[in-house]
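Examination of the molecular architecture
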Protein chains: 2
Amino acid sequence: MRVLLTGGAGYIGSHTAVELLQSGHEVTVLDSLVNSNVESIRRVEQITGRSVTLHIGDLTDPAQVEKVFAQETVDAVVHFAGLKSVAESVSQPLEYYRNNIDSTLVLLDAMARWDVKDLVFSSSATVYEPDGSNPVAENGRVGLDLANPYGRTKAMIEHILRDLAAADAGLRVAILRYFNPVGAHSSGLIGEDPKGIPNNLMPYVSQVAQGIRDRVSVFGDQYDTPDGTGVRDYVHVVDLAAGHVAALAGLRPGVEAFNLGTGRGASVLEVIDAFSAVIEHPVPYEIVAPRAGDVASSFADVSKSKDVLGWEAQLTLEDACADAWRWQSGNPDGYGTS
Amino acid sequence: MRVLLTGGAGYIGSHTAVELLQSGHEVTVLDSLVNSNVESIRRVEQITGRSVTLHIGDLTDPAQVEKVFAQETVDAVVHFAGLKSVAESVSQPLEYYRNNIDSTLVLLDAMARWDVKDLVFSSSATVYEPDGSNPVAENGRVGLDLANPYGRTKAMIEHILRDLAAADAGLRVAILRYFNPVGAHSSGLIGEDPKGIPNNLMPYVSQVAQGIRDRVSVFGDQYDTPDGTGVRDYVHVVDLAAGHVAALAGLRPGVEAFNLGTGRGASVLEVIDAFSAVIEHPVPYEIVAPRAGDVASSFADVSKSKDVLGWEAQLTLEDACADAWRWQSGNPDGYGTS
C-alpha cells in the first residue's frame, strides 16, 4: 500500500514510517515541519534503506493538500498532524481548534474527492470522560466534558468521523487512542524531540538525566495509588507504531476505535526509578502540587486491540527508558536546527 | 452599537435586524446568500426606514471576513450564519462541519485580531442530550450524544466558545438556544423562505394551506403526549429576535447560555388546528411513521432568560400562525429569485 502520513515527520509519525516501510508499504509524508524536523525523515530513510516522499505543506491549506493528492497515489492515510500540547491548548484554544479541526476537515474533503476510503486517525486516551474506573475500555464515554481543549479536538474529530462513515458506507476508519507513548527507536536515530520545555514525563526525565534540567517535578504524591504518584499506561513508541500497521491491515467498513496501551499502569516514581536504573544513578526529582484536571490513574483495556487487530505491546518500560536514553544521549540537541 | 450580523439575510437574522434597528442599533450584515435572499435586506430597510450595510461574502473565507472588519466598525457580533437542515446534515456531514465550524473559527479569529469581544451565538435546543425530562433548563447536559451532525456542530461551537472565554477574560458571550422558531413579522414583509421542501412544521403547514403541497405528514401519533403527536416549544420569531437585543444588552464577561422558548409545549395537531383556525378551513394531514431520533416532548425552562435578561415571549401560537399565513399568502414564492 501507498500510505500518506500527515504529520509523518513527528515523533509517532516517524516511528510509524519505519514500521510501515519495514512491512513493505510505501510512505509519503505531508508535514508542515512547524513542530518537527526534516532530519527525522532522513533518519527514517537511514534506518530502513528506503526512500520517503516528503511534501512540506500545511494541512489547513486546501490547495497544498490538493497538490499532494494530485501528485501521489494514496491508498490509505494515517492522520497524525495536529498540535498536541495540553497546556498550550488551554492558553491558545483557537489555535488548537483551527489547526486540529480545520486540517482534518480539509483532509477528509480531499480524501472524498480523490476517492480514498481508508483512514487511521491518531486519537488519544484523553477523549475518555474520566469516571475513575480502570482499565479504560473503548466503550468508555467519549464526550466534551474533558479537562482541556486538546482532548476536545480529538473527541470532536472522532464524532465527525463517525458521522462521515454513517453517510458513506465505503469509509473504513480506525481510531487509535494512544495512552502515554514513550521511548525511541532502538537504533538511537529517531526519538521524541520536544521544542522548549517538554510537556511529557519521559523527555523531561531524559533531559534531567542529561543535565539540561535540574530535577523532575512530580505533580502530587497523595493520589490513591500504591506510591501516591499518578499512574499512567506508558507504551513504547515502536509498539505504538506497529499498532498502526496492524490497524491498516485490519480496516473494516465503518469506524472502529482501539486502545493502544500496555494494559499496565506505572507510577511517576516507577518511571523515574526505571530510568535511574538505566543510567545507573538517581534522577533527581521533587514533589510539587498536583495539577488541576489530572486523574490518579489511567490505564488501558487492551483486549479489543489484541482480539481484533492481533496487536499487543511487546516492549517494557525498561526498554523504553533504555531507548529514550540512547536517543537523548546520542542526540542531546534532538535533530538540531537542520 | 454597531452590530455585525453573520447570516443576517436569513430567517432569524432578518427579524433580528429589524428589532436591532428599531432599538437604535446600526446593523451590518455579512451573508453568502447561499441560503437566503438579498430581498430580505431590502424588506428590513422598508420596515424600519433605516439602511443596512450588506457584505456578500463567505464566512469560511478569511480574506472576505477580514475585509468586513477592515471596512466596518464592529462593536458586537451576532453569529447566525450556518447550515441548518437536520436531514441534510446526516447525508452531508462534512459540508456541515466545514461550514458551521470553520466559519465560526474564522469569525473568532477575526474578532480576536480586531479586538471585538462581544458575541451572541445562535445555538439550538438540539444541543441538549435528550434525557426525557421537561422543561429543559440551561444546565442540561450539552454533549455529542445527539441525534444528528447539525446538533453536534452547535454543541462543539458552544464548547469552543467556553474554551476561548477561559483563555481571554475580556470575552463576553451569550449562547442563545432556540427552541422552535415560527411565525413572521406582522408586516407580512419578511418571513421564513425555505428552499425546496420545508424541513420545519410551520412552513410546511403554510405551503399546504397555500395549496403548494397536498397534506402535512405527522410523524407518529403514539408518543406519550396528550394527543400522541410530538410536543415542541414554538416561539414566535419576533420574540426570538427581541431575545437577541436583550442578550446584547445583558452581555457579561464569560459565556452564558439562555433558552429562547415560550416555556409551553404544543403538539403537532395543536399547531395544525391553530393554523386551520386562522385560514378558516382544515389543513389536511396524515399520520405517518415516527422519525428516528425524535423525542416525544421538548419545551424550555425560560426562568433564566426572564431573570437575567428580562426577556420572555409575548406572542402566542395563534399570533405565529396568523403572521406565518400573512407572509405565505402575501409572498407565495417567498422572496422569489431576485
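Parameters at a glance
Residues numbered from 1 in each chain as written. Chains lettered and ligands numbered in written order. Predicted model: local features only at pLDDT ≥ 70, side-chain atom pairs only at ≥ 80, totals over all residues. Heavy atoms only, no water. Buried < 20%, exposed > 50% of the residue type's maximum accessible area, 1.4 Å probe, protein only. Helix = DSSP H or I, 4+ residues; strand = E, 2+ residues; numbered from the N terminus. Pairing = 2+ DSSP bridges. Axes fitted to C-alpha atoms, helices over the stretch in contact; angles between N-to-C directions. Contact = heavy atoms within 4.5 Å. Left-handed = near helix turned anticlockwise from the far one by under 90°. Nonpolar A, V, L, I, M, F, W, Y, C, P; charged D, E, K, R; others polar. UniProt positions renumbered as here; feature names shortened; annotations may be inferred. Salt bridge = Lys/Arg side-chain N within 4 Å of Asp/Glu carboxyl O. Buried area = accessible area lost by both parts, 1.4 Å probe. Polar contact = N/O pair within 3.5 Å; in protein donor to acceptor, adjacent residues only side chain to side chain. Expected span 1.5 Å × (residues − 1). Least-squares fit on C-alpha atoms with pLDDT ≥ 70 in both.

Focus: the pairing of strand E8 (residues 216-219) of chain B
Residue and element names in this part refer to chain B. Going residue by residue along E8, you find Val216 and Val218 tucked away on one face and Ser217 and Phe219 left uncovered on the opposite face. When E8 meets strand E13 (residues 285-288), the two strands line up parallel, connected through 4 bridges. Directly across from Val218, in E13, lies its bridge partner Ile287.

Observations regarding the sheet that holds strand E6 (residues 172-178) of chain B
All names here are of chain B. Taken in spatial order, the 7 strands line up as E3-E2-E1-E4-E5-E6-E11 in an open sheet, and their pairing is parallel. Two strands close off the open sheet at either side, each with one partner strand: strand E3 (53-56) and strand E11 (254-260). Shown here is a sheet whose adjacent strand axes are inclined to one another by a mean of 20 degrees, direction ignored. With 4 bridges connecting them, strand E4 (residues 76-79) and strand E5 (residues 118-124) associate as parallel partners. Across the sheet, Ala76 pairs through a bridge with Asp118, a residue of E5. The strands touched by helix H6 (residues 149-167) within the sheet are E5, E6 and E11, with E5 carrying the most contacts at an inclination of about 155 degrees.

Considering the packing of helix H3 (residues 62-71) of chain B against helix H5 (residues 93-113) of chain B
Residue and element names in this part refer to chain B. Relative to each other, H3 and H5 sit at 40 degrees, their axes nearing to 10 Å. Seen along the crossing, H3 lies across H5 with a hand that is right-handed. Taken together, the residues of H5 that come into contact with H3 (itself represented by Pro62, Val65, Glu66 and Phe69) are Val106, Leu107, Ala110, Met111 and Arg113. In the contact of H3 with H5, the residues fall into 7 nonpolar, no polar and 2 charged.

Overview of the UniProt feature "domain: NAD-dependent epimerase/dehydratase" (unreviewed entry) in chain A
As recorded in UniProt, the feature "domain: NAD-dependent epimerase/dehydratase" (unreviewed entry) lies at residues 3-261 of chain A. Annotation note: span residues 3-261 of chain A, helix share 39%, strand share 20%, distance between end C-alpha atoms 23 Å.

Details of the pattern of salt bridges
Between side chains of opposite charge, pairing is possible as soon as their charged atoms come close. Counted under the stated rule, the structure contains 44 salt bridges over all chains. The salt bridge involving A:Asp109 is made with B:Arg98; its shortest N-O contact spans 3.1 Å. Residue A:Asp109 is found in helix H5 (residues 93-113), and its partner B:Arg98 is found in helix H5; the two belong to separate chains. As far as burial versus exposure is concerned, A:Asp109 and B:Arg98 are alike and both buried. Three or more residues joined by partner-sharing salt bridges are found here, namely A:Glu129, A:Arg141, A:Asp145, B:Glu129, B:Arg141 and B:Asp145.

Structural notes on the interface of chain A and chain B
Chain A puts 27 residues into the contact, and the matching count from chain B is 27 residues. Both sides together, the interface formed by chain A and chain B hides about 2400 Å², and carbon and sulfur atoms give 64% of it. Linking chain A to chain B there are 8 salt bridges. Linking chain A with chain B are 10 residue pairs in polar contact (both at pLDDT 80 or more), by the criterion used here. The set of elements that each furnish at least two residues to the side of chain A that touches chain B consists of helix H4 (86-91), H5 and helix H6 (149-167) of chain A. Top contributing element to the side of chain A that touches chain B by residue count: H5(A), with 10 residues. Class assignment for the residues of the side of chain A that touches chain B results in 16 nonpolar, 3 polar and 8 charged.

Regarding the sheet that holds strand E9 (residues 231-232) of chain A
All names here are of chain A. In space, the 3 strands of this open sheet follow the order E12-E9-E14, with mixed pairing throughout. Pairing within the sheet leaves two strands with one partner each, and these edge strands are strand E12 (266-267) and strand E14 (297-298). Direction of pairing for E9 relative to E12: antiparallel, over a ladder of 2 bridges. Within E12, the residue paired with Arg232 across the bridge is Ala266.

Comments concerning helix H11 (residues 317-330) of chain B
All names here are of chain B. Here H11 contains 14 residues, and its C-alpha end-to-end distance of 20 Å stays within 8% of the 20 Å for a straight helix at 1.5 Å per residue. Taken residue by residue, H11 has Leu317, Ala320, Cys321, Asp323, Ala324, Trp327 and Gln328 as its buried positions. Lining the buried residues of H11 we find helix H2 (38-48), strand E7 (180-182), helix H7 (201-210), strand E10 (234-236), strand E12 (266-267) and helix H9 (268-279).

Considerations on the side chain of A:Glu129
Following the sequence through the fold, A:Glu129 ends up in the loop between strand E5 (118-124) and H6. A relative accessible area of 11% means that A:Glu129 is categorised as buried. At 3.0 Å, the side chain of A:Glu129 and the backbone nitrogen of A:Asp145 are in polar contact. Within the structure, the side chain of A:Glu129 is placed 2.8 Å from the side chain of B:Arg141, a separation counted as a polar contact. Setting aside chain neighbours within four positions, we find A:Glu129 in contact with A:Arg141, A:Gly143, A:Leu144, A:Asp145, A:Leu146 and B:Arg141.

Details of the relation of the copies chain A and chain B
Structural alignment of chain A on chain B gives an RMSD of 0.0 Å, achieved by rotating through 180 degrees and translating 0.0 Å along the axis. Taken together, the rotation and translation describe the operation of a two-fold axis. Taken together, the interface assignments show that 100% of the residues at the interface of chain A recur at the interface of chain B, consistent with an identical surface on both copies.

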